[in-house]
Amino acid sequence: MAPRIVQIIASVLIGTFVILPLLAVWRQAEGTNSLGPADWSALRFTILQASLSAVLSCVLAVPLARALSRARFFGRDLIIKLLGAPFILPVIVAILGLIAVFGHNGWINLGLKSLGLGGFSIYGLHGILLAHIFFNLPLATRLILLGWETIPKERLRLSQSLAFTPVSRFCLIEWPMLKTVIPSALVVIFVICLSSFTVALALGGGPKSTTLELAIYQAFRFEFDFEKAAILGLMQMCLSLAAAYLALVFALTDQLGIGLDRNIHFGSLPIWQNIVDGVVIMLALMFLGLPLFLVLVNGLSSIASLPLPIWMAALRSVLIALGATALCLLIALSLLSRSGEVLATLGIAVSPLVLGTGLFLMARPFVNPFEISLAVTLLVNTLMALPFAVRILRPEMIQINANFNRLSLALGMSRLGWVRWVVWPRLRRPLGFAAGLTAALSIGDLGVIALFGDAERATLPLKLYQLMGSYRMEQAAGCASLLLLLSFGFFWIFDMWGRRNA
Amino acid sequence: MKYFTFAAGLLSASMTLAQTPTLIIYAPDYFASEWGPGPSIEAAFEESCSCDLQFKTGDVLSRIILEGANTQADVVIGFNTDVTKKARETGLFVAHGQDNAQLTLPIDWSDDVFLPFNYSHTAFIYNTEKVSNPPSSFDELVNSNTELSLVIQDPRSSISGLALVLWVKAIYGDQAEAVWEKLAPKILTVTKGWSESYGLFSEGEADMVLSYTTSPAYHIMVEGDLSKKAVIFPEGHYFMVELAAKVANTDMPELADAFLGFIMTERFQKLIPEGNWSLPAALPKSQWPRAFQELPLPEKVLFYSEQQAASLRKDTIEEWRRALSK
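Everything numeric in this text was worked out from a predicted model, so none of it was measured. (Residues numbered from 1 in each chain as written. Chains lettered and ligands numbered in written order. Predicted model: local features only at pLDDT ≥ 70, side-chain atom pairs only at ≥ 80, totals over all residues. Heavy atoms only, no water.)

A. Structural view of the overall build of chain B. Looking only at helices and strands, chain B features 14 helices and 12 strands. Relative to a compact globule of 326 residues, whose C-alpha radius of gyration would be 20 Å, chain B shows 22 Å and is just as compact. With respect to the principal axes defined by its C-alpha atoms, chain B has extents near 75 × 45 × 40 Å. Here chain B holds 326 residues, and 60% of them are scored as buried. Long-range pairs, those at least 24 residues apart, make up 77% of the contacts in chain B between residues at least 6 apart in sequence. Working note: accessible area of chain B is about 13,100 Å², and carbon and sulfur atoms make up 51% of it. Of note, chain B has its 25 positive side-chain charges centred 4 Å away from the centre of its 42 negative side-chain charges. (Helix = DSSP H or I, 4+ residues; strand = E, 2+ residues; numbered from the N terminus. Rg over C-alpha atoms; globule rule 2.2 N^0.38 Å. Buried < 20%, exposed > 50% of the residue type's maximum accessible area, 1.4 Å probe, protein only. Contact = heavy atoms within 4.5 Å. Areas by Shrake-Rupley, 256 points an atom, 1.4 Å probe, with all protein chains shown as cover. Lys, Arg positive; Asp, Glu negative; His and termini not counted. Charge placed at Lys NZ, Arg CZ, Asp CG, Glu CD.)

B. Expanded view of the overall build of chain A. For chain A, the count of helices and strands is 19 helices and zero strands. The C-alpha radius of gyration computed for chain A amounts to 23 Å, which stays within 12% of the reference 23 Å derived for 502 residues, consistent with globular compactness. C-alpha extents for chain A along the principal axes are approximately 65 × 65 × 50 Å. For chain A, long-range pairs separated by at least 24 residues make up 85% of all intrachain contacts whose partners lie at least 6 apart in sequence. Entry remark: accessible area of chain A is about 20,300 Å², with carbon and sulfur atoms responsible for 70%. Taking the average location of the 35 positive side-chain charges in chain A and that of its 21 negative ones, the two points are 9 Å from each other.

C. Representation of helix H5 (residues 81–89) of chain B in the model. Residues and elements named next belong to chain B. All buried positions along H5 are accounted for by Thr81, Asp82, Val83, Thr84 and Ala87. For H5, the secondary structure elements touched by its buried residues are helix H4 (60–67), strand S3 (75–80), strand S4 (93–94), helix H7 (159–172), strand S10 (237–247) and helix H14 (306–325). Taken from the residues just after H5, Gly91 is the one with a positive phi, measuring 70°.

D. Expanded view of the interface of chain A and chain B. Residue-level contacts link 59 residues of chain A with 54 residues of chain B. Of the roughly 5,100 Å² buried between chain A and chain B, counting both surfaces, carbon and sulfur atoms make up 59%. Joining chain A to chain B, the criterion identifies two salt bridges. One salt bridge connects Glu34 of chain B with Lys463 of chain A, and the closest N-O pair in it is separated by 2.8 Å. At the junction of chain A and chain B, the tally comes to 10 residue pairs in polar contact (both at pLDDT 80 or more). The leading source of residues in the side of chain A that touches chain B is helix H18 (residues 460–469) of chain A, at seven residues. For the side of chain A that touches chain B, the residue count by class is 32 nonpolar, 19 polar and eight charged. (Buried area = accessible area lost by both parts, 1.4 Å probe. Salt bridge = Lys/Arg side-chain N within 4 Å of Asp/Glu carboxyl O. Polar contact = N/O pair within 3.5 Å; in protein donor to acceptor, adjacent residues only side chain to side chain. Nonpolar A, V, L, I, M, F, W, Y, C, P; charged D, E, K, R; others polar.)

E. Representation of the packing of helix H13 (residues 308–333) of chain A against helix H16 (residues 373–411) of chain A. Residue and element names in this part refer to chain A. One way to put it is that H13 packs onto H16 with a least axis distance of 7 Å and a crossing angle of 45°. Of the possible angle classes, the one that applies to H13 and H16 is oblique. Crossing of H13 over H16 shows right-handed handedness. Along its contact with H13, which presents Arg316, Ile320, Gly323, Ala324, Leu327, Cys328, Ile331, Ala332 and Leu333, the element H16 presents Leu374, Thr377, Leu378, Leu379, Asn381, Thr382, Ala385, Leu386, Ala389, Val390 and Leu393. Grouping the amino acids of the contact of H13 with H16 by side-chain chemistry returns 15 nonpolar, four polar and one charged. (Axes fitted to C-alpha atoms, helices over the stretch in contact; angles between N-to-C directions. Parallel < 35°, antiparallel > 145°, perpendicular 65-115°, else oblique. Left-handed = near helix turned anticlockwise from the far one by under 90°.)

F. Seen up close, the pairing of S3 of chain B. Residues and elements named next belong to chain B. Of all six residues in S3, six are buried; the element is thus mostly enclosed. Across two bridges, strand S1 (residues 22–27) lies against S3 in parallel orientation. Its bridge partner lying in S3, Tyr26 is registered against Val76. (Pairing = 2+ DSSP bridges.)

G. Highlighting the state of the cysteines. Residue and element names in this part refer to chain A. One pass over the structure, following the stated rule, counts one disulfide over all chains. Cys58 takes part in no disulfide bond, and the closest cysteine sulfur to it belongs to Cys193, at a distance of 10 Å. On the basis of relative accessibility, which here comes to 3%, the residue Cys58 falls in the buried class. Cys171 takes part in no disulfide bond, and the closest cysteine sulfur to it belongs to Cys58, at a distance of 19 Å. Judged by its relative accessible area of 45%, Cys171 is partly exposed. (Disulfide = S-S within 2.5 Å.)

H. Region of the structure containing the nonpolar core. Core analysis: the biggest nonpolar cluster contains 272 residues, and Phe93, Phe124, Trp180 and Phe259 of chain B have the highest contact counts within it. At 14 residues, H16 of chain A tops the list of elements feeding residues into this core. Residues lining this core come from more than one domain, with at least three contributed by each of domain 1 (2–119 + 241–293) and domain 2 (120–239 + 298–325) of chain B. Apart from residues no more than four positions distant in its own chain, Phe259 of chain B is found in contact with Leu23, Ile25, Ile41, Phe45, Leu53, Val75, Ile77 and Phe268 of chain B. (Core = buried A, V, L, I, M, F, W, Y, C linked by side-chain atoms within 4.5 Å. Domains from an automatic or database assignment.)

I. The arrangement of the pattern of salt bridges in detail. This structure, assessed with the given rule, holds 21 salt bridges over all chains. A salt bridge links Glu223 of chain A to Lys228 of chain A; the nearest nitrogen and oxygen atoms lie 3.9 Å apart. Taking the relative accessible area as the measure of exposure, Lys228 of chain A reaches 8% and is therefore buried. Ionic pairing is found between Arg88 of chain B and Asp111 of chain B, a salt bridge with its closest N-O pair at 2.6 Å. Placement of Arg88 of chain B in helix H5 and of Asp111 of chain B in the loop between S4 and strand S5 (115–127) is noted, with a sequence separation of 23 residues between them. For Arg88 of chain B, a relative accessible area of 32% translates into the label partly exposed.

J. Geometry of the domain arrangement of chain B. Residues and elements named next belong to chain B. Considered domain by domain, chain B is made up of domain 1 (2–119 + 241–293) and domain 2 (120–239 + 298–325). In this complex, domain 1 contributes 20 residues to the contact, which on the side of domain 2 involves 17 residues. A combined buried area of about 1,700 Å² lies between domain 1 and domain 2, and 74% of that area is made up of carbon and sulfur atoms. In this assembly, domain 1 and domain 2 are joined by one salt bridge. Between Arg88 and Glu306 there is a salt bridge whose closest N-O contact spans 2.8 Å. Remark: the boundary between domain 1 and domain 2 carries three residue pairs in polar contact (both at pLDDT 80 or more). Elements with a minimum of two residues in the side of domain 1 that touches domain 2: H5 and helix H13 (290–293). Residue composition of the side of domain 1 that touches domain 2, by class: 11 nonpolar, four polar and five charged.

K. Representation of the side chain of Arg394 of chain A. All names here are of chain A. Take Arg394: it is sitting in helix H16. Here Glu341 takes part through its side chain, which lies 2.8 Å from a polar atom of the side chain of Arg394. Not counting the four nearest positions on each side in its chain, Arg394 is found in contact with Leu248, Leu336, Ser337, Arg338 and Glu341.

L. Expanded view of helix H9 (residues 194–202) of chain B. Residues and elements named next belong to chain B. Counting buried residues along H9, eight of its nine residues qualify, which places the element largely inside the surrounding structure. Taken residue by residue, H9 has Trp194, Ser195, Glu196, Ser197, Tyr198, Gly199, Leu200 and Phe201 as its buried positions. Within two residues after H9, Gly204 carries a phi angle of roughly 85°, on the positive side.

M. Inspection of the packing of helix H12 (residues 271–303) of chain A against helix H19 (residues 473–499) of chain A at higher detail. All names here are of chain A. The contact between H12 and H19 brings their axes to 7 Å, and the two run at 115°. As H12 packs across H19, the resulting crossing turns out to be left-handed. Listed contacts from H19 to Leu292, Val295, Leu296, Asn298, Gly299, Leu300, Ser302 and Ile303 of H12 are Glu474, Ala477, Gly478, Ala480, Ser481, Leu482, Leu484 and Leu485. Considered class by class, the residues forming the contact of H12 with H19 number 10 nonpolar, five polar and one charged.

Below you can see the structure in the form of structure tokens.
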């Protein structure tokens, strides 16, 4: 949709801010250690856990998205909004929330014990998968739900009047849509999970669960072996790009034709279907909501007593988030193409540690890196959110083009008119979701500020870590609640704006 | 008009600021945050130096190595003995010029580049309300059949985790790997850093957490909570010390020297216990806060020199990894 020159500028920009930092780190080559057997087993484990996490999140998201797409009940919109939340928590907060439910003294184990049943341990590969599904199920559900909303309603009506069985409806109508949406959802989740480290280690239960990101961290902080870090970072990036490329090959475009772009009421569903949908939604809500609820409640009472620096940090985080949101949407809108999707994946394909250090090295000859730490944080947050924004916007844009391009040509519509009357009203809903996600992601991100911040420029997640680091667990809990309220609040506002009149 | 006066005021304030010399100190995040000792140390030093002290936080040594001789830092604070060998080899640091005889450490210290400012020991912390009979020795911890669960830190990503594997090595030598295999079923999980571990322990997820002998002091002094205790083992505890050093290329050599001198003063040392929850490196025990004086501390202190630690590091981590991966 954007002019070619804008696309080129956006592509060059991303390339510069992803590839160059990697090269900058590589040039520091002071390496002595080559990759050992431990690194290769880390690579295998990384691929294993990331693939399983991606597949399970998407498989579970299908029934949930389906239930949400057709069920009509009070609070449905609220639930769909809630579904944005877990994805955007700082990992340490999410871990503590999950432990409160699934841990040794968590609700489930206490329940099992009171029933006289044996305990259950969260630690192991299943614990990692549980956490990754917790983070990514909502995202996958929302992406697939957007796909469901692009199915022309006429097609569903046709299936109704032809009295399709659920199986044939799935095969003929839903599966073709899923085939276009799932591959890209799989890729983003796979790529996010590739760089998982804190979660993988803590819930994996020990060094069996070593990921590449840990090896990068170790090379950086303890071995000062920057070449090795860059090589490992490059491996991570190649994996991500390979996944993104594969997804493009398998993601076929929907060829079943177009609809009239209107809402049709289908009458009520059979009662058994309502029950199944209700159960699916309830289960998902409990799984996703309970840990969040416990985090929120745990710190709610300490929020009011948080000292001024925390509020200043919160303000800083919000401002960064708003900046990142604007920039991210701007770039995303110019990357709504097949190659754009791969390019956008680069943003999360490089380890944040490598990216941050590389940017630091690049900036140093020109400016004092401390002075621009907030700007760099904003930029990195933008890059991080880009793959999601592009994936959220692109399916809708494809539908808009397929549905209205010919009509608008026939009407001789101006470019401005096309944007104002055709694209804008339809793109608004995914745009609101993408904006909400970017803002929330940015508020919750610890990111590069931890690498080269200083006391006067700390963000809210950094403050949370500082509090925990100096034993102040109670205030940290308050800080976590505040963070949750803020990131969810901004997600809510943007998403509301997108869904209004939609 | 009001705004104009305000802006003019700001401008002149920043101009006077520009004339005072600035001392830049690289420090870890926990040190310089509002909840660390940084701010009160800054205020105390600025009273006498007629300078502006600024803490810059982050990964101190990684950053200095990346910056090389062009670094802005005049002084660094917060190094650990596990990285001093690497730091020394960079040649970026010069002698601290202080008299090591002033130190009150439980071990001899003769390093003339890295100056200790506080110390502690590795220890397992437990909650007396949950664990009634903690192990009385490391041997008992390893061999007991009671169901104690531990959270520890990963030696590949955390300083305290590394200290733990060196601790086990110092006690058990060649038997270290076998000891880790016995400990493995008791280890609930391993975390990236200290904060995650301590968070899990605080939530009641594990019985004991790898932390420091000084950790209970926080709970006693701030929360009035006497239930968190360190178990003291007769086999000894691993010594952990934090260090400061002067950057060779500093453009403020006198100020840097003045700061290193300040570290050894009573004023600085008295800010340490309640600021960093550690033991001051140059202050007699009688001058510690009472809660610190009453802390149970190990009689035997284990410590590897930086050379020994560096040569042992790779193998001990590998032993740990093998034993816990089974």
